[in-house]
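# A structural walkthrough
The lines below spell out each chain.
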Amino acid sequence: MSYEDTDTAAAGSTLQMCTFRMANRLFGVNILDVKEVNENTNVTPIYHAPPDICGYINIRGQILLVVNLRETFGFDQGHKVAGGTGKVVVFKHSVDEPFGILVDEVCDVVSVDQSRIVDRRANEMTSDAVKEFRRAKDGIVMGVCPLERELLLVLNARHILGKYNSKADKVA
Amino acid sequence: METDNDILAEYIEESREHLSHVEQIFVEIQKTGEVSPGSINDLFRAIHTIKGSAGFLGLTGIGTLTHTMESLLDSLRENRLSMTEQITEALIEGTDILNDMFDDVDNSNNRDTSELIALLKNLNSSAPAPAAPKPAPAAAAPAPAAAPAPAAAPEEKRSVADVLNQFPELAQYVTPEQQAEAAKAATASAPAPAAPAPAPAPAAAASAAPPPTAKKDAVQATEGSKHEEFLRIRVDILDRLMMLAGELVLVRNQQLMHSDQADATLRSITQSLDSVTTELQETIMRTRMQPIGTVFSRFSRVVRELSRKLGKNIDFVTEGDEVELDKNILEAIGDPLTHLVRNACDHGIERPEDRKAAGKTDPGRVTLSAYHESGQIHVDIKDNGKGMNRDVIRRKVLEKKLKTEDELARMSEADLLNLIFLPGFSTAQVITDVSGRGVGMDVVKTGVEKFGGTVSLTSVEGEGSTVKLRLPLTLAIIPSLIVQSGNERFAIPQVNLEELVCLYDKDAFTRVECAGAREVFRLRDTLLPMVRLKEALAREKMFDEDALSMVTEQNSEIRKELADKYKEAEEAGHPIHYSLNFAVLRSGNLRFGLIIDHIHGSEEIVVKPMHRAVKSIALYSGATVLGDGKVAMILDATGLARHYNVRDVSGGREDTKKQKTTMDDGTELRSLLLFSNGGNEQFGVSMQDVKRVEAVETAAIEKIGSQEYITLDGVSTRVVRLEDGLRVQSSSQPENMFFLIPQNARKPYGLLIEKLIDSGHYEVKLNKDSYQADGVEGTALIKKKMTVLVNLEQLMHLVDGMWYGGQV
């Protein structure tokens, strides 16, 4: 059903990752989940919303929620975005529902071999970086992939809004 | 009962549609008194279809009833019987029972319908049986229907011989059916003859199944071509289509912006893209619209039942069945309308003897009418019953302690009537005593207001009452005010908005006062609790007394500073200008002032629901995309009031201090808008007749022939000047004037005035003699000045009676 089950099993195949930076760390999401990347998007803050919700953006008439992953991961709020503009990676319908995440910088598209993504749950002896992300709840971090110069944290976009799904009014 | 739930659910839904169609036909028949063969065929087909699956699903109760109804309809269809009042009544009753049965399908088999079935059979038995003495003409009818020659018109009669000559193979069908019909007729009229039973019984069973199918095919073939085709579509697919069309519009806009206007080919392509997109969007919008007649039609049944139960004669008339409304709204107005219609029948229309005594026509009349007006749908529920007695309302209000005597004394007639919308006014004892209405009128009001509609009431004692509902065309688009607090803009739905107040200079920091922990403003003798949007947004926790007093204290500090600065600057000769804006919002019976930084103006916004992750925030009712593409949150007045812990601070305390106004000398407290039209004549209009006032530039007025128009919100609006209808001084035509748009107008028009003087409640002692003219109510001394009270409606009639269209 979700690609982590099917794809990680099919070792040897390559994944195209859309990568971006947040708090100096490199993250990647499956490019097939990404609809578009928007720079200088106006984010309307939603006062009283949970801290990891940045606000709403308008993508061609559709109002989408923007999530602040810095908050989710407990990073230092380098520049707090209360409204204003930012770079937003927008996910497709295939990720349950379209939404966006606020990032510091959008980087290249990277091809990685499936087998090189280390599932953080599988190996206790992983680097400090992974331990740090263990705090990230709800399985948002799928695993870590060592690139030539640094580590790429592979995220599963489907789980980012997951905690809101489990709460109350789940769409029937 | 073991049935596949999906199939059953689908069957129920389909059957309901058939039944509502059947009801519509009966309404038509009762209205016109004419029965066309087509409508009988429609009835037959609908009932037959319901019967068909009922047997299959084991719903024997429904099956038996529909079968009996079908037999009767069959006789009608084949002209063996002609429609009588009695038959119509019986069939309608059958339809009603079927409706009930579908409400509770599981128990439908237990329902006792034997009485009705006997009646139906009895009615049918009066038809000449097909096998009776004159077999030829009687049998002629079923034959063409069964014949696979659909081209023959159903009414066209052929003799059996003709048909049999043409289709010899039919001979075998004719006989058993005749036998079956004869057998049925026989058993119905006299259950005694048991002797011939064995033979026809199986034939009857056999004929019940196959021949109707053949008939049905034939009927469908002849009728099918003139029927509109429908397709069931899932609502979410429609929603998605709507959204895509919205996206397409935006893409088109971008393309329009970037296309090279010099290139002729490209320009024409752009133009067609433009028009196609617009049309596409409009068409998709229309998919959600349904005629209000679907809701109206069910009330004929309600009224019929009620009149029978109450022993009254009531005519039920609907107008404007074709007016279309958004599906969601249609579903939502069902209950309030039922309430109002029941009220009209129960309390409005008098008993026959009372009507006669009052010299009224006996069948009372309840009218439901729908029409478009200024971008809204109006639904009027009108009765010509006894109307409402003001004194009884007054007495009841006092009894219930809903208002004090002083308050009542100062109320206008219209305000008094509207008291019946007060919650608490409607308890069982009250209704029957009060000259009429009152059953849950507050429920009706809140129900209608929930989706942005309004309710108003007029009643003339002895002549009847009219309840007017004003409904938005669609739930998705609402007019709203765009305001700003900090860097963000917010939308406030117009329904919650009462008025806007701007305070300037000194007023900005002196008029808002502290009352305990709260900030209040004295708005025309009532204390208005104030809410600061900025503070409400900044605090995530609900405001308690501590938080409130902290905020109040801080702001009173700020006010003091401002006052000092202002004074300093003034003394130094460089006055600073301050302003404070607030919007007066209403949520239920609570009013409060919302302090905001800027007011941007009104905009029609498309409401998008909140994402579930943020849905629990009470402050917002949704979000919308503004004209410039930025998202704005829609403020929820109720949530805001609750978050800020707003309480009704006025509590009538201020009011009771006011000296009592005597009604005896004809003085009345009225809410008026005062204005002047050049010169120093002062005019007034009733606030309740005014929808809104716009500031306009005189340069924007266009002249066509002798008439003047101005475009407001894309609508050409007729400009009426005071001097057109009244002999008063002409306006000096300054650059900026005001345009007063009346409340109840079928056509867009407005009154051009020069200067607004004031608005408020004034004690008016109307003098009708000093200045008499059409379009004028009279004069009164207001603010120590003679004021001409203009009757907007009359004035418009006067200026252009035909064009204005005569609002009731």
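Residues numbered from 1 in each chain as written. Chains lettered and ligands numbered in written order. Predicted model: local features only at pLDDT ≥ 70, side-chain atom pairs only at ≥ 80, totals over all residues.

## A look at the interface of chain B and chain A
Note the cut-off: In this description, a residue-residue contact is defined by the distance between C-beta atoms placed from the backbone, which must lie within 7 Å. A run of H or I in DSSP counts as a helix once it spans at least four residues, and a run of E counts as a strand once it spans at least two, with each numbered from the N terminus. For this classification, the nonpolar set comprises Ala, Val, Leu, Ile, Met, Phe, Trp, Tyr, Cys and Pro, the charged set comprises Asp, Glu, Lys and Arg, and every other residue, Gly included, is treated as polar.
Contacts between chain B and chain A engage 22 residues on the former and 21 residues on the latter. At the level of elements, α12 (235–258), β17 (620–625) and β18 (631–635) of chain B are the ones that each hand at least two residues to the side of chain B that touches chain A. Counting residues per element, the side of chain B that touches chain A draws most heavily on α12(B), which supplies four residues. Within the side of chain B that touches chain A, the residues separate by chemical class into 12 nonpolar, four polar and six charged.

## Points about the sheet that holds strand β25 (residues 736–742) of chain B
Residues and elements named next belong to chain B. Selection rule: Only when DSSP finds a minimum of two bridges between them are two strands counted as paired. Only the stretch in contact is used when fitting a helix axis, every axis being a line fitted to C-alpha atoms; angles between N-to-C directions are given from 0 to 180 degrees.
With mixed pairing, six strands are arranged side by side in an open sheet as β21-β25-β26-β24-β23-β22. Every interior strand has two partners, whereas the edge strands, β21 (690–697) and β22 (702–704), have only one. Strand-to-strand, the axes of this sheet are offset by a mean angle of 40 degrees, without reference to chain direction. The pairing of β22 with strand β23 (residues 707–712) spans three bridges and is classified as antiparallel. Bridge assignment links E702 to a residue of β23, and that residue is Y709.

## Comments concerning the confidence of the model for chain B
Residue and element names in this part refer to chain B. The condition that has to hold: pLDDT expresses how confident the predictor is about each individual residue, on a scale running from 0 to 100.
Summary statistics for chain B give a mean pLDDT of 75 and a share of 79% for residues scoring 70 or more. Counting interchain partners and residues more than four positions distant, the pLDDT-below-50 stretch residues 130–164 has 59 contacts. Throughout residues 168–225 the model reports pLDDT below 50, and contacts reaching past four residues in sequence, or to other chains, amount to 61 contacts. As scored by the predictor, the complex reaches a pTM of 0.50 and an ipTM of 0.79.

## Comments concerning helix α17 (residues 390–399) of chain B
Residue and element names in this part refer to chain B. Convention followed: Once C-beta atoms are placed from the backbone, each residue is buried if 20 or more other C-beta atoms lie within 10 Å of its own, exposed if 12 or fewer, and partly exposed for counts between those two. Arc definition: directions from the helix axis to the C-beta atoms.
The set of residues buried in α17 consists of I393, K396 and V397. Projection of α17 onto a plane perpendicular to its axis shows the buried side chains occupying an angular sector of 100 degrees, all on one side. In α17, the exposed positions angled more than 90 degrees off the buried face are occupied by D391 and E399. Just downstream of α17, K401 is the residue with a positive phi angle, here 55 degrees.

## What about the packing of helix α1 (residues 5–32) of chain B against helix α2 (residues 37–56) of chain B?
Each pair of packed helices gets described by two things: the angle between the helix axes and the distance between those axes. Residues and elements named next belong to chain B. This is how it is decided: Working rule for angles: under 35 degrees goes down as roughly parallel, over 145 as roughly antiparallel, 65 to 115 as roughly perpendicular, anything else as oblique. The sense of a crossing depends on the near helix, which, turned anticlockwise from the far helix by less than a right angle, makes the crossing left-handed and, turned clockwise, makes it right-handed.
Two elements in contact, α1 and α2, have axes separated by 10 Å at closest approach and are oriented at 155 degrees. On the basis of the axis angle, α1 is roughly antiparallel to α2. Of the two possible hands of crossing, α1 and α2 adopt the one that is left-handed. Along its contact with α1, which presents Y11, S15, H18, H21, V22, I25, E28 and I29, the element α2 presents S39, D42, L43, A46, I47, T49, I50 and S53. For the contact of α1 with α2, the class distribution of residues is eight nonpolar, six polar and two charged.

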